[in-house]
Amino acid sequence: MQCATVKEGVECALMTDKGCGFAAGACLPIIEQCQGCDRAQEFSSGKFCLTFPDPPLKWKRGLCNLATHVQPELKAQAAKINPLKASKRAARGKR
Ligand code: SF4
């Protein structure tokens, strides 16, 4: 169904007859890290991601996996780092 909140006219799986199904009630605006991404689009209500309703969450634990402006090598490198294993490795190194 087409969005009737902040991204008017955009097809969205979260939009229902009863309104936006996203917990915040509408998509959150993009953040600084999203600048330059092809998925960030300007609307009359502001700049929003065409894919994710919550861009800050996508960047919370590192690089956004669908960012078009981040080099693929960096994304692959970020995806390979398991924080738990990295922590254990670091602890082993300190002994
Ligand atoms: S795909 Fe990721 S980087 Fe691009 S606008 Fe959306 S949240 Fe931001």
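Scroll up a little and you will see the structure.
Since the model is a prediction, treat every value here as computed from it, not as a measurement. (Residues numbered from 1 in each chain as written. Predicted model: local features only at pLDDT ≥ 70, side-chain atom pairs only at ≥ 80, totals over all residues. Heavy atoms only, no water.)

Caption draft 1: Focus on the pairing of strand β4 (residues 46-49). The pairing of strand β3 (residues 40-43) with β4 spans 4 bridges and is classified as antiparallel. Of the residues in β4, the one forming a bridge with Gln41 is Phe48. Between β3 and β4, which pair antiparallel in sequence order, lie 2 residues. (Pairing = 2+ DSSP bridges. Helix = DSSP H or I, 4+ residues; strand = E, 2+ residues; numbered from the N terminus.)

Caption draft 2: Layout of the packing of aromatic side chains. Per the stated rule, a full pass over the model turns up 1 aromatic pair. Here Phe43 and Phe48 contribute two aromatic rings whose centre-to-centre distance is 6.3 Å and whose plane-to-plane angle is 55°, an arrangement assigned as tilted. (Phe/Tyr/Trp six-rings, centres within 6.5 Å; stacked < 30°, edge-to-face > 60°.)

Caption draft 3: Structural context of the site of the ligand. Every residue near the ligand is listed here: Cys34, Cys37, Arg39, Ala40, Cys49, Phe52, Pro55, Trp59, Cys64, Leu66, Ala67 and His69. Residues of the shell around the ligand, tallied by class, amount to 10 nonpolar, 1 polar and 1 charged. (Near = heavy atom within 4 Å. Nonpolar A, V, L, I, M, F, W, Y, C, P; charged D, E, K, R; others polar.)

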